[in-house]
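# Fold and contact review
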Amino acid sequence: MLGTTKRRIEARQPRAETVGPTTAPEQAPARGARAAASGPAKTIEARGLDLYYGSFQAVRDVTMTIEPNKVTALIGSSGCGKTTFLRSLNRMHELTPGARVEGKVTLDGADVYAKGVDPVAVRRLVGMVFQSPNPFPTMSIYDNVAAGLNLNARKVPKAQKDSVVERSLRGAHLWDEVKDRLAKPGSGLSGGQQQRLCIARAIAVEPEVLLMDEPCSALDPVATLAIEDLTAELKSRYTIVVVTHNMQQAARASDITAFFNIEGSGRPGHLVEVGPTDEIFTKPRQQATEDYVSGRFG
Amino acid sequence: MEGASELAVHARPQAAPLLSAGVGWRRRAVNTAMTVLIGGAFALAMIPLFSLLFEVAKRGIPGLSVEFFTSDARGVVGGGGAAHAIAGTLIITAVAAAISVPIGIMAAVYLNEYGTGRLRRGLTFFVDVMTGIPSIVAGLFAYALFELFLGPGIRLGVMGSVALSVLMVPIVIRSAEEVLKIVPDHLREAAHALGTPKWRIVTKVVLPTAFAGLVTGVMIAVARIVGETAPLLVTTGVVDSMNTDPFNGRMQNLAVYAYNEYRSPGVMKQAAYDHAWAAALTLIAIVMVLNVLARVIYRRYKTEIR
């Protein structure tokens with residue numbers, strides 16, 4: 001039985017790109033505070049996290065730090081709890097009836113699950129992109145990108161909304177392709193374009209962290225490459241966590257990799273090892289990690 | 001292992017004749033027999049429908065006239081029209097829809113989006129019971145309710161609307177619930193992930209996506225109650241003159257009008273019978289128009305959900 005490795009990765013590499021002044025913990029999501037317009041990306045820490053669906057424990061005792069302005073990849077075989085863990089970071093896990101969270105998740109030091117914290121406020125700070133692109137079918141491309149503003153009834157003057165939409169679409173590398181048909185419905189785009197639209201929608205509300213649940217698994221290799229290039233560029237402004245089944249993608253597109261494993265069917269998933277990507281893939285510390293990344297199982 | 005090589009030898013030469021043999025005569029015979037049977041069953045089911053339409057058209061058309069659509073039956077013997085009845089049907093149905101649609105859709109939203117556990121199961125059970133309420137019971141309930149406040153013998157247009165909405169609400173709830181279930185969960189998830197409060201997800205994502213289906217469901221419920229006679233007999237009464245105020249006095253409607261003309265034809269029997277058939281034809285026409293309208297709205301507003 002492999003022992004769990006609880007490793008806290010200190011920042012060994014110097015913080016690469018843009019960093020603003022560090023935000024004080026008081027600005028955390030405790031009272032539904034809005035994040036600063038272009039604040040620095042935040043660190044997420046999980047400590048002793050146990051995730052349940054009813055009485056079934058899906059994830060056991062995860063402790064790790066997600067570094068700001070880096071792409072962290074979560075890899076592991078099917079059913080080992082990577083998506084469940086990802087969804088607990090923006091309080092989407094509790095939307096499933098009967099789902100339960102024990103342990104601690106902090107966003108730059110502030111407990112996300114503390115009493116009195118509004119989950120809606122947490123989700124505005126931690127955005128999510130899903131496996132299948134899901135643009136809103138009743139809305140045009142413009143309205144899809146602006147959905148984060150419209151749905152939260154933020155009274156934004158049109159000119160400002162226009163600039164938010166353009167900035168988000170440019171940030172998602174989609175502006176040139178759709179700038180002439182912003183009023184057309186979002187469902188008329190190809191799969192890769194729809195996924196980039198969903199990314200634009202997520203970054204339009206300016207979250208601090210971007211969670212991506214297998215964003216490329218429904219896309220062809222060309223679209224996949226486009227998304228990977230995009231995440232490499234986005235990490236300068238956001239903290240990005242990506243769940244992926246594709247080891248090659250994790251190897252080439254992430255800075256830090258966390259390997260999850262499951263002991264047997266019906267057992268909870270756990271974190272085996274986390275570390276810089278090239279270390280995980282060339283000289284991992286745990287045998288299970290070595291077996292997985294070399295393709296011996298999973 | 002010898003069997004394997006035998007199979008390998010036999011597989012190839014026999015494949016070609018097998019494929020070119022075509023469909024055997026026996027299968028073709030069964031195919032034809034089933035086609036005839038199913039086509040015949042369909043025709044059999046259509047016979048009552050077409051014969052009904054034919055009869056009503058045949059007997060109703062002679063009763064149609066400009067006078068039928070423009071004047072009421074006040075003070076006339078044998079002549080007159082059904083304008084008051086047509087207006088009454090439209091007004092009573094509109095008020096019934098105005099009562100039922102908000103209640104029904106909000107209940108469906110609760111059942112589908114928020115409800116859990118015992119309250120939801122209880123509500124679903126009662127909605128199912130309500131779909132089976134006989135229409136006369138709904139009428140008597142509405143009468144008793146108004147009698148409580150306004151004294152015996154009261155007859156109002158709005159009482160008919162209340163009775164009809166008792167019949168309409170469960171239908172609206174059921175069909176709205178089905179439509180809301182079809183809205184895929186990943187849209188709700190996407191809205192959640194943007195940090196949207198749940199009630200706004202319902203009003204700005206779920207309901208707009210389900211809009212076309214909701215309208216269709218409402219139209220179907222309206223078509224169901226537009227020809228109800230029994231509850232209106234005891235609540236809206238019979239009157240010969242035009243009344244467009246549902247809160248004041250009796251109001252005539254097409255179903256009760258047809259019944260009345262047939263039952264008490266008075267001196268000029270044939271004219272009365274003609275009126276009854278013409279009213280029935282008008283009712284069918286209204287239902288048809290509503291159905292067509294429902295289809296048009298559905299096609300125009302439906303959202304392709306992938």
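Remember, predicted model here, so these are calculated numbers, not experimental data.

Rules and cut-offs
Residues numbered from 1 in each chain as written. Chains lettered and ligands numbered in written order. Predicted model: local features only at pLDDT ≥ 70, side-chain atom pairs only at ≥ 80, totals over all residues. Helix = DSSP H or I, 4+ residues; strand = E, 2+ residues; numbered from the N terminus. Buried ≥ 20, exposed ≤ 12 C-beta atoms within 10 Å, placed from the backbone. Expected span 1.5 Å × (residues − 1). Contact = placed C-beta atoms within 7 Å. Nonpolar A, V, L, I, M, F, W, Y, C, P; charged D, E, K, R; others polar. Core = buried A, V, L, I, M, F, W, Y, C linked by C-beta atoms within 7 Å. Pairing = 2+ DSSP bridges. Axes fitted to C-alpha atoms, helices over the stretch in contact; angles between N-to-C directions. Parallel < 35°, antiparallel > 145°, perpendicular 65-115°, else oblique. Left-handed = near helix turned anticlockwise from the far one by under 90°. Domains from an automatic or database assignment. pLDDT = per-residue confidence, 0-100.

Before going further, it helps to spend a moment on the overall build of chain A. For chain A, the count of helices and strands is eleven helices and ten strands. Expressed as a percentage of its 298 residues, the buried residues of chain A come to 47%.

Once that is clear, we can look at helix 12 (residues 269-301) of chain B. Residue and element names in this part refer to chain B. When the terminal C-alpha atoms of helix 12 are compared, their 48 Å separation across 33 residues agrees well with the 48 Å that a helix rising 1.5 Å per residue should span. Among the residues of helix 12, those classed as buried are Ala272, Asp274, His275, Ala276, Trp277, Ala278, Ala279, Ala280, Leu281, Thr282 and Leu283. The secondary structure elements touched by the buried residues of helix 12 are helix 2 (25-60), helix 3 (66-70), helix 4 (83-114) and helix 11 (254-263).

Taken together, the contact pairs 21 residues of chain B with 22 residues of chain A. Taken together, the elements giving at least two residues each to the side of chain B that touches chain A come down to helix 8 (185-193) and helix 9 (198-225) of chain B. Ranked by the residues each element gives to the side of chain B that touches chain A, the list is headed by helix 8 of chain B, at seven residues. Of the residues that constitute the side of chain B that touches chain A, the class distribution is nine nonpolar, seven polar and five charged.

With that settled, the discussion passes to helix 5 (residues 117-130) of chain B. Between the first and last C-alpha of helix 5 of chain B there are 20 Å, a value that for 14 residues agrees with the 20 Å anticipated at 1.5 Å per step. Among the 14 residues in helix 5 of chain B, one count as buried, and that is only a small part of the element.

Looking now at unusual backbone geometry. Look at Asn69 of chain A: it is not a glycine, yet its phi comes out positive at around 55 degrees. On the basis of neighbour counts, which here come to 21 C-beta atoms within 10 Å, the residue Asn69 of chain A falls in the buried class.

Below, the discussion takes up the nonpolar core. Leu210 of chain A together with Val172 and Ala279 of chain B are the most contacted members of the largest nonpolar core, which totals 145 residues. For this core, the element with the most residues is helix 7 (residues 157-182) of chain B, which contributes 15 residues. Setting aside anything within four residues of it in sequence, one finds Val172 of chain B in contact with Ser100, Val101, Gly104, Ile105, Gly217, Val218 and Ala221 of chain B.

A word on the pairing of strand 10 (residues 269-276) of chain A. All names here are of chain A. Across the eight residues that make up strand 10, a large majority, seven, are buried. Here strand 2 (residues 56-66) pairs with strand 10 via two bridges, running parallel. Counterpart to Arg60 in the pairing with strand 10 is His270. As judged from the seven bridges shared by strand 9 (residues 256-262) and strand 10, these two strands associate in the antiparallel manner. Note that in strand 10 the partner of Phe259 across the bridge is Glu273. From the end of strand 9 to the start of strand 10, which pair antiparallel, there are six residues, and Gly266 there has a positive phi angle of about 90 degrees.

We now examine the sheet that holds strand 9 of chain A. Residue and element names in this part refer to chain A. Read across the sheet, ten strands follow the order 5-4-1-2-10-9-3-8-7-6 without closing on themselves; strand pairing throughout is mixed. Taken across any chain shown, the strands that pair with only one partner, and hence form the sheet edges, are strand 5 (110-111) and strand 6 (126-129). Where strand 6 meets strand 7 (residues 209-213), four bridges bridge the pair, whose relative direction is parallel. Following the sheet pairing, Gly127 is matched in strand 7 by Leu210. Sheet strands in contact with helix 7 (residues 191-204) are strand 6 and strand 7, and its direction is about 170 degrees off that of strand 6.

Residues and elements named next belong to chain B. Taken N-terminus to C-terminus, the directions of helix 8 and helix 9 make an angle of 155 degrees; their axes are 10 Å apart at the nearest point. Classified by the angle their axes make, helix 8 and helix 9 are roughly antiparallel. The element helix 8 and its partner helix 9 pack so that their crossing is right-handed. Residues Leu187, Arg188, Ala191 and His192 of helix 8 touch helix 9, and the partners they reach there are Ile201, Val205, Val206 and Thr209. Taken together, the residues of the contact of helix 8 with helix 9 sort by class into five nonpolar, two polar and one charged.

It is worth spelling out the environment of His275 of chain B at this point. Residue and element names in this part refer to chain B. Summarising the element assignment, His275 is placed in helix 12. A tally of 29 C-beta atoms within 10 Å means that His275 is categorised as buried. Between the alpha carbons of His275 and Tyr259 there is a distance of 10 Å; along the sequence they are 16 residues apart. When residues no more than four places from it in sequence are discounted, the contact partners of His275 are Gly63, Ala82 and Glu261.

Next up on the list: the environment of Leu89 of chain A. Residues and elements named next belong to chain A. Following the sequence through the fold, Leu89 ends up in helix 1 (residues 82-89). Looking at Leu89, the number of C-beta atoms within 10 Å reads 21, which means it is buried. Sequence separation of Leu89 and Lys158 is 69 residues, and the distance between their C-alpha atoms is 33 Å.

What follows deals with the domain arrangement of chain B. All names here are of chain B. Along its sequence, chain B is organised into domain 1 (22-63) and domain 2 (65-301). Here the C-alpha centroids of domain 1 and domain 2 sit 32 Å apart. Grouping the constituent residues of the side of domain 1 that touches domain 2 by class yields three nonpolar, two polar and one charged.

Where helix 4 of chain B meets helix 7 of chain B, the axes come as close as 6 Å, and the angle between the chain directions of the two elements is 40 degrees. Of the two possible hands of crossing, helix 4 of chain B and helix 7 of chain B adopt the one that is right-handed.

Below, the discussion takes up the confidence of the model for chain A. Mean pLDDT over chain A works out to 83, with 86% of the residues at or above the 70 mark. In this model, residues 1-38 of chain A is a region of pLDDT below 50 whose contacts with residues beyond four sequence positions or in other chains number 60 contacts.

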